[in-house]
Amino acid sequence: MMQGPAVGEERDTGMGQETKRPATYEDLEALPEHWVGQLIDGELIAQPRPASRHARASSRLGGELYGPFERERGGPGGWSFLDEPELHFGADVLVPDLAGWRRERMPEVPDVPFFTLPPDWVCEVLSPSTASLDRTRKKRIYAREGVGHVWLVDPQARTLEVYRLSSGQWLEQGTWTGDERVRAEPFEALELELGVLWLPEAKAP
């Protein structure tokens, strides 16, 4: 992975650049345009924009949800979705791949640079360099802030994991793989065909 801009003392944990001294929002703003930065537990964590396998899964999933759950086309509506919104939770700044808010909590999407209202659902698309971060520290913060559901999509393993928050703890609702058809919380009204999320398998020569 490419090395990020230097901010204080760095250590390589396989999750992008991290810093030992408390980072600030100014450090995040100083990142190059093509990098995604987050502040987690006082550390600046930055990665370059994802590759095609990651981007396809995220964009396809957002497209599948948008029609029935935001536009009310063949579904119940009642949601607003955003790609890579910047979420400010106290000193922590997180950027999920996708996030959704129920309209009853956010009737209109405001014209703001970041959001302080926690989403009702987030999706993290895993990559080898970010999976540990997404599964541990980010999920912990989402639970602390009361995010109702977390989806973890792994485009390399071709899996979807669904978690629901209950009494501050994550309960796994299921894991699906390959081309399975899924009805998963909180979007049970949609039968999602997982196969549309993945890049085609490489053909043997």
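Our subject in this report is the structure included herewith. (Residues numbered from 1 in each chain as written. Predicted model: local features only at pLDDT ≥ 70, side-chain atom pairs only at ≥ 80, totals over all residues. Heavy atoms only, no water.)

Glancing now at the sheet that holds strand β5 (residues 79-83). What holds strands together in a sheet is hydrogen bonding between their backbones, with the strands either parallel or antiparallel. Spatially, β5-β8-β9-β10-β11-β12 is the arrangement adopted by the six strands of the open sheet, whose pairing is mixed. Looking at strand neighbours, the two that pair on one side only are β5 and β12 (169-177), the edges of this open sheet. For this sheet the average axis-to-axis angle between neighbouring strands, irrespective of direction, equals 15°. Relative to strand β9 (residues 121-125), strand β8 (residues 98-102) runs antiparallel, the two being bridged by three bridges. The residue bridging Gly100 from the neighbouring strand is Trp121, located in β9. Across the sheet, helix α2 (residues 52-69) lies against β5, β8, β9 and β10 (149-154), angled at about 155° from β9, the strand it touches most. (Pairing = 2+ DSSP bridges. Helix = DSSP H or I, 4+ residues; strand = E, 2+ residues; numbered from the N terminus. Axes fitted to C-alpha atoms, helices over the stretch in contact; angles between N-to-C directions. Contact = heavy atoms within 4.5 Å.)

Moving on, we come to the pattern of salt bridges. The final tally for this structure, using the stated rule, is 12 salt bridges. Taking the shortest distance from any N to any O, the salt bridge between Asp41 and Arg140 comes out at 2.7 Å. Pair noted here: Asp41 is in the loop between β3 (35-40) and β4 (43-48) and Arg140 is in helix α3 (residues 131-145), with a separation of 99 residues, a long-range link. Between Lys138 and Asp134 there is a salt bridge, and its shortest N-O distance comes to 3.8 Å. Of this pair, Lys138 and Asp134 both sit in helix α3, four residues apart, roughly one helical turn. Residue classification places Lys138 among the buried positions, given a relative accessible area of 1%. Given the relative accessible area of 4%, Asp134 is considered buried. (Salt bridge = Lys/Arg side-chain N within 4 Å of Asp/Glu carboxyl O. Buried < 20%, exposed > 50% of the residue type's maximum accessible area, 1.4 Å probe, protein only.)

Further remarks concern the pairing of β9. Within a regular strand, side chains alternate between the sheet's two faces. With respect to burial, β9 is a largely interior element, five of its five residues being buried. Burial along β9 is two-sided: the face carrying Trp121, Cys123 and Val125 and the face carrying Val122 and Glu124 are both buried. Relative to β10, β9 runs parallel, the two sharing five bridges. Considered in β10, the bridge of Glu124 is made with Leu152. Traced from β9 through α3 to β10, the parallel crossover comes out right-handed. (Right-handed = clockwise from strand over helix to strand, strands pointing away.)

On to the side chain of Glu43, then. Structurally, Glu43 is set in strand β4. The buried category is assigned to Glu43, whose relative accessible area is 9%. Here Arg137 takes part through its side chain, which lies 2.6 Å from a polar atom of the side chain of Glu43. (Polar contact = N/O pair within 3.5 Å; in protein donor to acceptor, adjacent residues only side chain to side chain.)

Between its first and last C-alpha, α2 extends 25 Å over 18 residues, near the 26 Å set by a 1.5 Å rise per residue. Those residues of α2 that are buried are in contact with β5, β8, β9, β10 and β14 (192-193). (Expected span 1.5 Å × (residues − 1).)

Our next topic: the nonpolar core. In this structure, Leu61, Trp121 and Trp151 are the most contacted members of the largest nonpolar core, which totals 23 residues. For this core, the secondary structure elements donating two or more residues are α2, β5, β9, β10 and β11 (159-166). Among the elements that take part in this core, α2 stands out by supplying four residues, more than any other. Judged by nonpolar contacts, the second largest core, of 22 residues, contains Ile40, Ile45, Trp101 and Met106. (Core = buried A, V, L, I, M, F, W, Y, C linked by side-chain atoms within 4.5 Å.)

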